[in-house]
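# Architecture and fold: a report
Read off the chains here:
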Amino acid sequence: MQNNRFKVVILGEGRVGKTSILLRYTRGEYSDKQVSTLQASYLDKKLTVSGKEQVLSIWDTAGQERFHALGPIYYRDARKFIDIYFLPFIYLYLF
C-alpha cells in the first residue's frame, strides 16, 4: 500500500446505512433507495493533510450474515475501522 493511501473499513449489520454514509462522505450523494451491498465495495476520498495529498480507500462491507465469513479478507491491511449501528429506540429519562 502506498505511503499516502490508508485503508478504512466500514463494519455493521445489514441495512444500517453504511453505504449511504460512504456515498455522502465521498461523493456528496444520498438516496433513500440504496440497494444492499453484496460482498464489498470501496471508494476513494482524497484529502490534503499538512500540505500533502492523502487518499482514504474506504471499504464498505456487506452486513448480511451470509457474508460475515469474508470479513477477514477485507480487514487485511486496514488502518482504521468504523462500526455503524442503528438504534431504533433511544429513551431519554429526565428526573
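Above this text sits the structure in question.
Attention in this report is confined to the structure presented alongside it. As the structure is a computational prediction, the values presented were derived from the model and not from experiment.

### Some words on the side chain of Lys18
You can see Lys18 is positioned in helix α1 (residues 18-27). In this structure Lys18 is buried but unpaired, with Asp60 as the nearest side chain of opposite charge at 5.3 Å. Residues contacting Lys18, with those up to four places away along its chain left out, are Ile10, Leu11, Gly12, Glu13, Asp60, Thr61, Gly63 and Ile84.

### Brief notes about the packing of aromatic side chains
Evaluated as defined, the whole model comprises three aromatic pairs. A ring pair is formed by Tyr42 and Trp59, whose centres lie 4.8 Å apart and whose planes are at 20°; its orientation type is stacked. Here the residue Tyr42 occupies a position in strand β2 (residues 40-49), and Trp59 occupies one in strand β3 (residues 52-61), the gap between them amounting to 17 residues. The exposure class assigned to Trp59 is partly exposed, which follows from its relative accessible area of 21%.

### Concerning the layout of surface pockets
Rolled over the atoms, a probe with the dimensions of a water molecule shows which regions are left empty. Its volume calculated, the largest pocket comes out at about 230 Å³. Every element with two or more residues in the lining of the largest pocket is listed here: α1 and β3. Of all the elements, α1 adds the most residues to the lining of the largest pocket, at three residues. For the lining of the largest pocket, the class distribution of residues is four nonpolar, eleven polar and four charged. Each pocket or cavity is described by its volume, and for the second largest pocket that value is around 170 Å³.

### Examining the pattern of salt bridges
Scanning the entire structure with this criterion turns up two salt bridges. Residue Arg5 pairs with Asp44 through a salt bridge whose shortest N-O separation is 3.1 Å. Linking Arg5 in strand β1 (residues 5-11) with Asp44 in strand β2, this pair joins segments that are 39 residues apart in sequence. According to the relative accessible area criterion, Asp44 is partly exposed, its value standing at 35%.

The rules behind the values
Residues numbered from 1 in each chain as written. Predicted model: local features only at pLDDT ≥ 70, side-chain atom pairs only at ≥ 80, totals over all residues. Heavy atoms only, no water. Helix = DSSP H or I, 4+ residues; strand = E, 2+ residues; numbered from the N terminus. Buried < 20%, exposed > 50% of the residue type's maximum accessible area, 1.4 Å probe, protein only. Lys, Arg positive; Asp, Glu negative; His and termini not counted. Salt bridge = Lys/Arg side-chain N within 4 Å of Asp/Glu carboxyl O. Contact = heavy atoms within 4.5 Å. Phe/Tyr/Trp six-rings, centres within 6.5 Å; stacked < 30°, edge-to-face > 60°. 1 Å grid on protein atoms, 1.4 Å probe; cavity = no way out; pocket = protein on both sides within 12 Å on 5 of 7 lines; lining within 4 Å. Points joined across faces, edges and corners; volume = space filled by probe spheres on them. Nonpolar A, V, L, I, M, F, W, Y, C, P; charged D, E, K, R; others polar.

The quantities given are spatial measurements derived from coordinates; they are silent on function.
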